Amino acid sequence: MADESCFHCGLPVTPEGNYPVTILGQARPMCCPGCQSVAQTIVDIGMESYYQHRQQCPPGSSPAADLVPDFLDSLNSWDDPGLQENFVHSLPQGSKEITLLISGITCAACVWLLEKHLRDQAGIAQCHINMSSNLALVSWDPEQTSLSTIIKAIAHVGYKAEPYTPVQQEAIIKRENKQALLRIGVAGLGAMQVMTYAVSLYMGAFEGIEPAHQQFLRWVSALVTTPVFFYAGLPFLQGAMRSLRNRHLSMDVPVAIALTFAYFSSVWATISNGPEVYFDSVCMFVFFLLVGRYLELRARHRSQSTSIRLSHSQLQTARKLDHEDSPLLVPADKLVPGDRVLVKAGEIIPGDGHILQGTGSVNESMLTGEQLPISKQVGDPVTGGTLNVEQPITVEISTLPGESTLSTLKRLLQRAEAEKPATFVLADRIASKFVLAVLITSICVYTYWWFHAPEDAFWIMLSVLVVTCPCALSLATPTAITAATARLSQMGFLATRAHTIEGLRHITDVVFDKTGTLTLGEFQLAETVPMPGEHSDTLLALAAALEQISEHPIARAFHGFKAHPDVKGRQIAANQGVEGQLAERTLRIGKPAYATPAGVTATPPAPCGQWIALADQVRILGWFRVEDQLRADADTLVQHLQASGKRCHVLSGDSSGHAEEVASLLGVDAVVGNATPQDKLIYIRTLQDNGAKVLMLGDGLNDAPVLAGADVSIAVAGASDLAQVAADGILLSQSLQPLQGILQLVEKTYGIIRQNLAWALLYNLIALPMAAAGFIPPWASALGMSASSLLVVLNALRLNR
Amino acid sequence: MDIIFLLIPLALVLLVVAVAAFFWAVRSDQFDDLDREASRILFDEDSPPPSAGARPPKHEPKP
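None of the values given here were measured: they were computed from a predicted structure.

Here the focus is the overall build of chain A. When its secondary structure is counted, chain A shows 28 helices and 29 strands. When burial is assessed residue by residue, chain A has 53% of its 801 residues classed as buried. Taking the intrachain contacts of chain A between residues at least 6 apart in sequence as the baseline, contacts between residues at least 24 apart amount to 66%. Carbon and sulfur atoms provide 57% of the accessible area of chain A, an area that totals close to 34,900 Å².

Here it is in structure tokens:
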């Protein structure tokens, strides 16, 4: 039944929580008030047809859920001129301009909806959204509207916007893309022209042509081919030069040799009235190869920019306290030692320092992998980038941003990356052998004919070089890789480096990080044990009511449940639990030592596992067991990997013994708990020294150096920014399941590449002797070249099925 | 066939114009977002009022 899922976001609708909106003349179910408000806004502004045109629902964790007043209030800080200074440009006419990164765009309908909605807002002068990059360029009149109003307007239709500063890499991508397009344009237009002249010349060769006309057509062809050769063909010439300098034969070498010979001999033939010109072959050759490379470039750019977008770190702000203790928002990288900052509950601590005021608990999982927060008192050191969980604290900053723990980790990451083992590329190996063979053959052919028919020798050698056109051979790998990259991104995997796919093929060992990778990284309620006379539903409602106010990871396990309405006066005890009043009773939930009333001994129902007690002032009411649950598909994945002969390892930073538990549950080959990032890196190095090719899956900041050090690394969904930058690929979905399909596709890709290479070699083996014998006229070699290239491309496209 | 001495140079002039136009188009960012331009035609700039009976024909794209 269509009624079961939310019409806006596609999530399931629970029977008790239905929030209908009339869209396109029918009442549609919505899963939450957030979706309802977004859908209603879309209907109210008259853009219902968004629902007809969209191709995909917005992502499940729709920012619509954030449409709570708190979230909208926090946006007001964007109007602060101090924060705007880095992002907002003032235009000459007094208006302002900003680049916003918009998350949640899934198809063209989203872009249309957003642009129309923004243009209808008062004071917005211009708005252009680029769908491929998810960037919006918005300019507005500061007299009529403000930045926070714009971001709120975007939030009202269900998208999230944040200020964005383009990364240098993106400028390079953009330049490369334009450069490639220009070359293709020149080669394409040139090829069309030269082809028409070539047809005339061929016709003339069969039916007779006046020498003056022939000469004229040749000169015009030479004129048009010159820019094609020197401008559009430049990448091949440069590539060949580079590879000769490095004493390594790449595919560019025969391409460049064939092009150079064909071009200069044709020019010579034009001047000296020689037998044959190959201008059309030069142009077609350049054009085909450029198109092939452009497709490859685009696939690579696309996943690169997606990963840049994903890892774009939000502007970190800090509430700096001035002399009168009033907070002022400043960018975190402007803090200096001695600054005092206020960190509210749920905020990231902006820099290394120590606590001046307040006690609280800090989640340091990004450093240690340990999900449970650590209690901090006045005077305790805190690390920048960690999360303040429960209560506001004041921190005195002690290091410059450049020397913080976070920056040190980043440097460790860069070093690991620089020492990454190089991956050997299959196509290159075959190519260099083939190139050598072609070059030797050409020389032999030339020598042979020089003794038998010296006047034909040069032309026959040239036709050997042209007909053994490395076109099919040089397209064989890139087309398959391109098709595979596209298919992988449909499967929810972004390959962000050129060698990712090649690297995945050779994997012998798979290393998993535990928290956040094999497990979900969030606690869930596993078991409820009521004491005699209590009912578990009531207990759960009470627990939910108490834990509602806490953002502690254990408390979050209770957030999904229906809360008891009568609990009042709730208070958080940092890293201990929560207290509240129900009529005359004082309820406490939390660590057994905290929750149990004095004089009562607390014994959890079972010795192992993490138990939370709920008690009133007299006795314990019940127990809850919470655990960081395994991802649903972790065990099938491990089984599959082991069945295909790969060893599985688990590395974990936490010391609770949970790692060993998880490992034995999954039956992996090796497990290391309580490991620091350095330990993890050493572990992987040891594996590599023993000849293993390691695939690392991780999510945390503490995994980043290890990800960079592994042969291939994958960051799972929701991984930290740094982990995504360090990884060779990013899993987009919440499950590990795609990995199985990814490895299969990689195998299939190499099957296709092998077929392509085999075909290209076969074609060349047949064509080469015939050309060497002088049997192949130019038009036949051009036809053969195109047909063989086309076959290779079509074969690669099978991967997309 | 001597006409080709006139026509081909003329065609070359057109070629130069075409290349120049293409360079201009690329440099002014017109090839930046190919995904979006492809589906622009599907959307009506004037949205129908919410209760209008005559809605545009449904172009439900395949998922």
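With that settled, consider the environment of Leu114(A). All names here are of chain A. The topology assignment puts Leu114 in helix α5 (residues 108-119). Sequence separation of Leu114 and Ile154 is 40 residues, and the distance between their C-alpha atoms is 7.0 Å. Those residues in contact with Leu114 that lie beyond four places of it in its chain are Ile102, Ile105, Ile129, Ile154, Val157 and Tyr159.

Assignment of secondary structure puts His213(A) in helix α8 (residues 211-232). Given the relative accessible area of 8%, His213(A) is considered buried. Of the polar contacts made by the side chain of His213(A), one reaches the side chain of Asp2(B); its length is 2.9 Å. In this structure, His213(A) is in contact with Met1(B), Asp2(B), Ile4(B) and Phe5(B), ignoring residues within four places of it in sequence.

For the rest of this paragraph, the subject is the interface of chain B and chain A. At the interface, 37 residues of chain B touch 39 residues of chain A. Summed over both partners, the interface of chain B with chain A buries about 3,500 Å², with 62% contributed by carbon and sulfur atoms. Counting across the chain B and chain A interface gives 2 salt bridges. As a salt-bridge pair, Lys174(A) and Asp29(B) come within 3.8 Å of each other at their nearest N and O atoms. Run the count over chain B and chain A and you get 2 residue pairs in polar contact (both at pLDDT 80 or more).

Let's shift gears to the packing of aromatic side chains. Residues and elements named next belong to chain A. Under the criterion given, the structure shown has 14 aromatic pairs over all chains. Plain terms: the ring middles of Phe229 and Tyr263 are 4.4 Å apart, the flat faces sit at 10° to each other, and that makes the pair stacked. In this pair, Phe229 is assigned in helix α8 and Tyr263 in helix α10 (residues 252-272), connecting sequence segments 34 residues apart. Tyr263 matches Phe229 in its accessibility class, with the two residues each being buried. Centroid distance Phe229 to Phe264: 5.9 Å. Interplanar angle 85°. Geometry classified as edge-to-face. Placement of the pair is Phe229 in helix α8 and Phe264 in helix α10, with a sequence separation of 35 residues. Among the residues examined, Phe229 registers a relative accessible area of 2% and is labelled buried. Cluster of aromatic residues (ring-pair linked, three or more members): Phe229, Phe230, Tyr263, Phe264 and Phe279. Directly above the aromatic system of Tyr750 lies the positively charged group of Arg505, at a separation of 4.2 Å from the ring centroid. Between the NZ or CZ atom of Arg588 and the centre of the ring of Tyr594, over which it lies, the distance is 4.5 Å.

Now for the sheet that holds strand β21 (residues 577-582) of chain A. Picture the strands of a sheet paired through backbone hydrogen bonds; they go either parallel or antiparallel. All names here are of chain A. Pairing within the open sheet is antiparallel, and its 6 strands lie in the order β19-β24-β23-β22-β21-β20. For this open sheet the edge positions go to β19 (519-530) and β20 (567-573), each flanked by a neighbour on one side alone. Averaged over all adjacent pairs, the angle separating strand axes in this sheet is 20°, with direction ignored. In terms of strand pairing, β19 meets strand β24 (residues 620-630) through 8 bridges, oriented antiparallel.

The next point concerns a nonpolar patch on the surface. Residues and elements named next belong to chain A. Judged by side-chain polarity, Trp759, Leu762, Ile766, Met770, Phe775 and Leu791 come together as a nonpolar surface patch covering roughly 600 Å² of accessible area. The element contributing the most residues to the nonpolar patch is helix α27 (residues 738-772), with 4 residues. Relative to the helices and strands, Trp759 resides in helix α27. Under the relative-accessibility criterion, Trp759 is labelled partly exposed at 30%.

All names here are of chain A. The strand order across the open sheet built from 3 strands is β13-β12-β15, with neighbouring strands paired in antiparallel fashion. On the outer flanks of this sheet lie β13 (374-376) and β15 (387-388), each paired with one strand and no other. Taken together, the 3 bridges between strand β12 (residues 360-363) and β13 define a ladder with antiparallel strand orientation. Opposite Ser361, over in β13, you have Ser375 as the bridge partner.

In this section: unusual backbone geometry. Notably, Ala583(A) is not glycine yet its phi reads approximately 50°, a positive angle. Under the relative-accessibility criterion, Ala583(A) is labelled exposed at 70%. For Asp29(B), which is not a glycine, the phi torsion comes out positive at approximately 65°. Mapping Asp29(B) onto the fold places it in the loop between α1 (4-27) and α2 (34-39).

Reading guide: rules and limits
Residues numbered from 1 in each chain as written. Chains lettered and ligands numbered in written order. Predicted model: local features only at pLDDT ≥ 70, side-chain atom pairs only at ≥ 80, totals over all residues. Heavy atoms only, no water. Helix = DSSP H or I, 4+ residues; strand = E, 2+ residues; numbered from the N terminus. Buried < 20%, exposed > 50% of the residue type's maximum accessible area, 1.4 Å probe, protein only. Contact = heavy atoms within 4.5 Å. Areas by Shrake-Rupley, 256 points an atom, 1.4 Å probe, with all protein chains shown as cover. Polar contact = N/O pair within 3.5 Å; in protein donor to acceptor, adjacent residues only side chain to side chain. Buried area = accessible area lost by both parts, 1.4 Å probe. Salt bridge = Lys/Arg side-chain N within 4 Å of Asp/Glu carboxyl O. Phe/Tyr/Trp six-rings, centres within 6.5 Å; stacked < 30°, edge-to-face > 60°. Lys NZ or Arg CZ within 6 Å of the ring centre and 35° of its normal. Pairing = 2+ DSSP bridges. Axes fitted to C-alpha atoms, helices over the stretch in contact; angles between N-to-C directions. Patch = residues over 30% accessible without salt bridge, like charges linked within 9 Å, V, L, I, M, F, W, Y side chains within 5 Å.

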